[in-house]
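Read off the chains here:
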There are 2 protein chains.
Amino acid sequence: MGIVVMKFGGTSVGSIERIKNVARIIAKKRDQGHDVACVVSAMSGETDRLINLLKEIDPKFSPREYDQLVSTGEQASSPLVAQSLISMGYPAVSLTGIQIGMITNGVHSNSRIMDVKADRIKEEFKKGNICIIAGFQGIFPESGDITTLGRGGSDTSAVAVAAALKANVCEIYTDVDGVYTADPRIVKHAKKLEKISYDEMLELASLGAKVLQSRSVELGMNHNVDIMVLSSLEDKPGTLVTKEDSDMEQVVVTGVVSDKNQAKITIAAVPDNPGIASKIFTKIASSNINVDVIVQNVGKDGNTDMSFTVQKTDLLRATDVCNEIVKEIGAKGVLADENIAKVSIVGVGMRSHTGVAAKMFSLLAENNINIKMITTSEIKVSCVVEEKFSELAVRILHEAFVEA
Amino acid sequence: MGIVVMKFGGTSVGSIERIKNVARIIAKKRDQGHDVACVVSAMSGETDRLINLLKEIDPKFSPREYDQLVSTGEQASSPLVAQSLISMGYPAVSLTGIQIGMITNGVHSNSRIMDVKADRIKEEFKKGNICIIAGFQGIFPESGDITTLGRGGSDTSAVAVAAALKANVCEIYTDVDGVYTADPRIVKHAKKLEKISYDEMLELASLGAKVLQSRSVELGMNHNVDIMVLSSLEDKPGTLVTKEDSDMEQVVVTGVVSDKNQAKITIAAVPDNPGIASKIFTKIASSNINVDVIVQNVGKDGNTDMSFTVQKTDLLRATDVCNEIVKEIGAKGVLADENIAKVSIVGVGMRSHTGVAAKMFSLLAENNINIKMITTSEIKVSCVVEEKFSELAVRILHEAFVEA
């Protein structure tokens, strides 16, 4: 008995039939005696439909008008879920971002949540109502304007609501049934994790595992919200994302993940002056291009090669910017390589185990997989390899670190 | 130079192409130096699409959830119009009913406007912005809930905004280019009126002319808002709905209109006791059926026939209720007649001219059109006739009263 926050994505509410299924899952939770608040996304396809209308008018649309428009997607799906519950005999109300007091910092189309004034939800709980909340949206109180949290923001909405209500758990229902040690489509023996730490989940989320949005994990970690990842299609145990405990440390590698969405850029023969790296990456950042792995090769003749990875979708823009940089700083040229993948191992156990990175490098070398770039953190090691070796590398690493 | 409120219906914003056309009309008004606030309906078809989703879940849906859902239609069309203006170089913002402070009495799906706190619109005017306002919707401040004004409510939104801003004029753009002396599809010589009084427009609106919603005319009258009915497709003068003036009184009949959407019910041999009419019509009203014309025939043997008209869509329910009444009061039976039409002449000049009703009855009699029921007000005479005579009656009356 307590407060449970649930979240269902666009696919889960993609048709009236699926909406009714979601209502049954919520009703079951209610029957267990919990107060239930449920965050929903827009019906799948609806957000794209709205954005396409706007793009038809002008591909360079106003972020403010974008927010006023796309926020209607969640505002339409939530009353449909509420109505399904009402028709099943469960009192329910739908609530918009404004109505629940989802306060944001006012940045249009990519807002951060500042606060959730959950008074209205608590009032509705007192009346015995289930609350169905439009995800992805909030309000900037100074202007009264609607703001959205960026795509996938409904996960973050749900965790923020859970934090505000001090909920027992935030259950995220998706089309997979939990977090796996590797992508089961690549690794036959991938296992579902019973639990995983926030830190590990954060690394996995930013390394390409698409189960949860990174910002929702970060928010959960900061507010100590237990997040349960579950299937909306099958009734079986999921994966709990929670505080690190001593069990977790005994496992060296919790997950193996690969990301093919990256491309590598090399600026050749960069003059080796102080401040040159700063000059390059400031210019790239000012073009709103995110840089991931950066490697500076050992220089000779006072020159050095500077390599880094960007999202594949940013590659064209990034090479354009780099060509300008080459002219400015007198470097030799720009090389782009789309055929790469980043393969990573993640685990809090690495903190107390030595030689993990070395073992990873040996395993790849033994299998003739050449490492192009390396980057590490306290709890992860990533290697950039040729794209064609991506699946092989994941299988080798999973077998050696997880299955062993 | 001043403040102009405009309103465009669902057909006018039914596609991106039409939305761009609407933006051009608004921009032209802005170029004349006015501050412009423009109320828009949902894109045509969108409200029905949303209602059908809700009905698929439950035909007996919650009015509160209905409001949360259907209000998204106008909330989506308004940013599309705003974006079109922005892309043309005209600063614009879309605003929801909540954002403009459209305060209602809280009755879901059929609210009345209590107040418009137009501070936000005035602020945007100061910044030089055109305001594109989602029509049809408001907020009940005590609950923070979204409420809608009933179908066609965007006309009423527009007049309420015009009243709050003390606008020079409220321009209602539709697919006809003004108010005519009769339906031009029936009467060849029907003329567009340059102006018409609120009282006459109210009678015409409630008698079946579909140009303006009655409530918007009533609101315009109460707040002295000049309403201009115009075409969104052609740039030509429309009809001004305004205060009665001495010119208007010189015209006896301003318009001739027919309504085929009515049906007649007769309760035969009602015992002629005091209070019996009250008993009958209280019961009918409690079933939410609107009764229009009522006629009580002269009784014999202490009995009387009670006839009245209802909307055709209410006929089945009304006869069911009447059959119950017949049993309760010991009447003889219920007769229903769907093949009727109500033909009316309207004009403020009737106040100062005598013999208008008599002339109407004579004209109908001379043409062998039998009058089944009669009802009059200070500025109108309505006759219920057989449906097949409807067009003929309109033509005869228009020729005699308007063309003469």
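Summary of the structure given here. (Residues numbered from 1 in each chain as written. Chains lettered and ligands numbered in written order. Predicted model: local features only at pLDDT ≥ 70, side-chain atom pairs only at ≥ 80, totals over all residues. Heavy atoms only, no water.)

Things to note about the interface of chain B and chain A
Across the contact, 41 residues belong to chain B and 41 residues belong to chain A. Where chain B abuts chain A, roughly 3100 Å² becomes buried across the two surfaces, and 56% of that area is made up of carbon and sulfur atoms. The largest per-residue losses of area from chain B upon contact with chain A belong to Ile57, Glu65 and Gln83 of chain B, which jointly make up 19% of the total buried on that side. There are four salt bridges connecting chain B and chain A. Note that arginine 49 of chain A and glutamate 46 of chain B form a salt bridge whose closest N and O atoms lie 3.7 Å from each other. On inspection of chain B and its partner chain A, the count reaches 19 residue pairs in polar contact (both at pLDDT 80 or more). Of all the secondary-structure elements, those providing two or more residues to the side of chain B that touches chain A are α1 (16-31), α2 (46-57), α3 (63-87), β3 (92-95) and β8 (145-148) of chain B. Of the residues forming the side of chain B that touches chain A, the biggest block, 15 residues, is contributed by α3 of chain B. Residues belonging to the side of chain B that touches chain A are distributed by class as follows: 18 nonpolar, 13 polar and 10 charged. (Contact = heavy atoms within 4.5 Å. Buried area = accessible area lost by both parts, 1.4 Å probe. Salt bridge = Lys/Arg side-chain N within 4 Å of Asp/Glu carboxyl O. Polar contact = N/O pair within 3.5 Å; in protein donor to acceptor, adjacent residues only side chain to side chain. Helix = DSSP H or I, 4+ residues; strand = E, 2+ residues; numbered from the N terminus. Nonpolar A, V, L, I, M, F, W, Y, C, P; charged D, E, K, R; others polar.)

Thoughts on the sheet that holds strand β1 (residues 3-8) of chain A
Strand pairing in a sheet takes place through backbone hydrogen bonds and is either antiparallel or parallel in direction. All names here are of chain A. Pairing is mixed across the open sheet formed by eight strands, whose spatial order is β3-β6-β2-β1-β9-β11-β12-β10. The two strands at the open ends of the sheet, each matched to only one other strand, are β3 (92-95) and β10 (195-197). Pairwise comparison of adjacent strand axes, ignoring direction, gives a mean angle of 20° for this sheet. Note: strand β9 (residues 169-174) against strand β11 (residues 227-231), five bridges, orientation parallel. The residue of β11 that forms the bridge with cysteine 170 is isoleucine 227. (Pairing = 2+ DSSP bridges. Axes fitted to C-alpha atoms, helices over the stretch in contact; angles between N-to-C directions.)

Remarks on the pattern of salt bridges
For the structure on display, the rule yields 56 salt bridges over all chains. Lysine 127 of chain A serves as the salt-bridge partner of glutamate 124 of chain A, at 3.9 Å between the closest nitrogen and oxygen. Judged by relative accessible area, which is 2%, glutamate 124 of chain A ranks as buried. As a salt-bridge pair, aspartate 235 of chain B and lysine 28 of chain B come within 2.9 Å of each other at their nearest N and O atoms. With a gap of 207 residues between them, aspartate 235 of chain B in the loop between β11 (227-231) and β12 (239-242) and lysine 28 of chain B in helix α1 connect regions that are remote in the sequence. Under the relative-accessibility criterion, aspartate 235 of chain B is labelled exposed at 69%. The class for lysine 28 of chain B is partly exposed, based on a relative accessible area of 45%. Look at the salt bridges and you will find they share partners, linking Arg64, Glu65 and Asp145 of chain A together with Arg120, Glu124 and Lys127 of chain B into a network. (Buried < 20%, exposed > 50% of the residue type's maximum accessible area, 1.4 Å probe, protein only.)

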